[in-house]
Amino acid sequence: MNEPIKKIAVLTSGGDAPGMNAAIRAVVRACTYYRIECVGVYRGYQGLIEGDFKTLSARHVSNIINKGGTILKSARSQEFKTTEGRAKAFQNLKEAGIGAIVLIGGDGTFTGGLKFIEEYNFPVVGIPGTIDNDIYGTDNTIGYDTALNTVVEVIDKIRDTASSHNRLFFIEVMGRDAGFIALNSGIGAGAEEILIPEKNLGLERLVDSLKKSKDKGKTSSIVVVSEGDKIGKNVFELADYINDNFPHYDIRVSVLGHMQRGGSPSCFDRVLASRLGVAAVEALLDRSTGVMVGITNNEVSTVGLNKAIKMNHDINEELLKVAEITSV
Ligand code: ATP
């Protein structure tokens, strides 16, 4: 594997995230800049297995920096989880003369990448693309900032109706295992309570906090709930519990769902994706493999893919305190 890399493949896999297109564009253009051929793989690992490849020139990625989703499409491929599936993928890469891959995705995508390296010693570099921000080794994942802005914009709108009708709103946001979206959007949108998977605040504490809010003269309230909050009830069950135990509010539930993944990426995500796309190609040219590129303290950084998926990206205790103080 010591021949110079002449052809790099790029794919997007797992849940789509705004900014993936900006990352694809940066990978393609970095390849053009360094005079390497770039091949786009459609539908993630499934496209690798089926040989769904297309050579991408710098002009193929014009006018996509502002678009949500991914022009390469994404897929969840069960077949890639099998040794036979990965063998087909390797065969296709070899036949196409591809010497390395850039993976844009989350922890599942990186787990698949690690298996592929183990089996075929094939050069792989990852770019963190997921709205959840649940990847270690980068301060932000691509799509997270846009998702936060989308959530805050929606909560602002819900607040208008909450305050007009003196209502208590439970708003469920994405984040099955990580509360970053809930915590940051909750602070940004001025929520009274934020429930996240990393902390069990307990139902009694929630009731108590809502009672205190009421006593302090709040006539409406917003509670932001992460999909996977530790209390273990879904947002409708939570709302029912509060209704039974503190029937002083007119309660409504709003589940934001897939809209959190969509939309034009924020400037922050576009810049992040552009930096990481260039960094990924440069890492491969420097013979790095099995790593993810990230931005830490505003510098490009690399971390082993195994660390990126296994180590916790801790919830910032200071943010929890800020949430508590600013909701008095
Ligand atoms: P997100 O968290 O944003 O949804 P993700 O990358 O974690 O993104 P997954 O659906 O978990 O999304 O993984 C994407 C793909 O990676 C899977 O569809 C599968 O093809 C591959 N993959 C996941 N886990 C493994 C594994 N253990 N072995 C081989 N391939 C895997």
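Because the structure is a prediction, the values reported are computed rather than measured.

(A) Highlighting the packing of aromatic side chains. Tallying each qualifying case throughout the model produces 9 aromatic pairs. Pairing Phe 80 with Phe 116 gives two aromatic rings, centres 5.8 Å apart and planes at 40°, and the pair type is tilted. Of this pair, Phe 80 sits in the loop between β3 (53-56) and α3 (83-95) while Phe 116 is found in helix α4 (residues 107-120), placing the two residues 36 residues apart along the sequence. For the pair shown, Phe 80 and Phe 116 are each scored as buried. Site record: aromatic cluster; members linked through ring pairs are Tyr 45, Phe 80, Phe 90, Phe 116, Tyr 120 and Phe 122. Over the aromatic face of Tyr 249 sits the side chain of Lys 214, whose NZ or CZ is 4.7 Å from the ring centroid.

(B) Spatial organisation of the environment of Ala 279. Relative to the helices and strands, Ala 279 is located in helix α9 (residues 267-285). Its relative accessible area of 10% is what places Ala 279 among the buried residues. It is 20 Å that separates the C-alpha atoms of Ala 279 and Ser 266, two residues lying 13 residues apart in sequence. Every residue in contact with Ala 279, bar those within four places of it in the chain, is listed here: Val 293 and Val 300.

(C) Representation of the sheet that holds strand β4 (residues 100-105). The strand order across the open sheet formed by 7 strands is β3-β2-β1-β4-β5-β10-β11, and the pairing between neighbours is mixed. Only two strands of the sheet have a single neighbouring strand rather than two, namely β3 and β11 (299-304). Here the average twist between neighbouring strands, direction ignored, is 30°. With 6 bridges joining them, strand β10 (residues 291-296) and β11 adopt antiparallel strand pairing. Looking across to β11, one finds that Val 291 is bridged to Gly 304. On the sheet, α4 packs against β4, β5 (124-128) and β10 and is oriented at approximately 160° with respect to β4.

(D) Expanded view of the sheet that holds strand β7 (residues 193-195). An order of β7-β8-β6-β9 is seen for the 4 strands of this open sheet, with the pairing classed as parallel. The two strands at the open ends of the sheet, each matched to only one other strand, are β7 and β9 (250-255). Across the sheet, the axes of successive neighbouring strands diverge by a mean angle of 15°, strand direction being ignored. Where strand β6 (residues 167-173) meets β9, 6 bridges bridge the pair, whose relative direction is parallel. Following the sheet pairing, Glu 172 is matched in β9 by Val 255.

(E) The arrangement of the pairing of β10 in detail. Buried residues dominate β10, accounting for 5 of its 6 residues. Sheet topology note: the β5/β10 ladder contains 2 bridges and is parallel. Bridged to Gly 126 within β10 is Met 292. In sequence, β10 turns back onto β11 through a hairpin of 2 residues, with Asn 297 there showing a positive phi of about 50°.

(F) Seen up close, the pairing of strand β2 (residues 37-41). Of all 5 residues making up β2, 4 are buried, and the element is well covered by its neighbours. Between strand β1 (residues 7-12) and its parallel partner β2, the chain crosses via helix α1 (residues 20-33), and the hand of that crossover is right-handed. Bridging between β2 and β3 involves 4 bridges; their strand directions are antiparallel. Note that in β3 the partner of Val 39 across the bridge is Thr 55.

(G) Representation of the UniProt feature "binding site: ATP" (unreviewed entry) in the protein. The feature "binding site: ATP" (unreviewed entry), as given by UniProt, occupies Gly 15, Arg 76, Ser 77, Gly 106, Asp 107, Gly 108 and Thr 109 in the numbering adopted here. In terms of the greatest pairwise C-alpha distance, the residues named above, spread along 95 residues, form a tight cluster of at most 14.0 Å across. Of the annotated set, the members that line the largest pocket are Gly 15, Arg 76, Ser 77, Gly 106, Asp 107, Gly 108 and Thr 109. By the element assignment, Gly 15 lies in the loop between β1 and α1. For Gly 15, the residues in contact, after removing those within four places along its chain, are Met 20, Arg 76, Gly 129 and Arg 261. Here Gly 106 is to be found in the loop between β4 and α4. Given a relative accessible area of 13%, Gly 106 falls into the buried group. With sequence-adjacent residues up to four places away left out, Gly 106 is seen in contact with Ser 13, Gly 129, Thr 130 and Ile 135.

So, how was this worked out
- Residues numbered from 1 in each chain as written.
- Predicted model: local features only at pLDDT ≥ 70, side-chain atom pairs only at ≥ 80, totals over all residues.
- Heavy atoms only, no water.
- Phe/Tyr/Trp six-rings, centres within 6.5 Å; stacked < 30°, edge-to-face > 60°.
- Helix = DSSP H or I, 4+ residues; strand = E, 2+ residues; numbered from the N terminus.
- Buried < 20%, exposed > 50% of the residue type's maximum accessible area, 1.4 Å probe, protein only.
- Lys NZ or Arg CZ within 6 Å of the ring centre and 35° of its normal.
- Contact = heavy atoms within 4.5 Å.
- Pairing = 2+ DSSP bridges.
- Axes fitted to C-alpha atoms, helices over the stretch in contact; angles between N-to-C directions.
- Right-handed = clockwise from strand over helix to strand, strands pointing away.
- UniProt positions renumbered as here; feature names shortened; annotations may be inferred.
- 1 Å grid on protein atoms, 1.4 Å probe; cavity = no way out; pocket = protein on both sides within 12 Å on 5 of 7 lines; lining within 4 Å.

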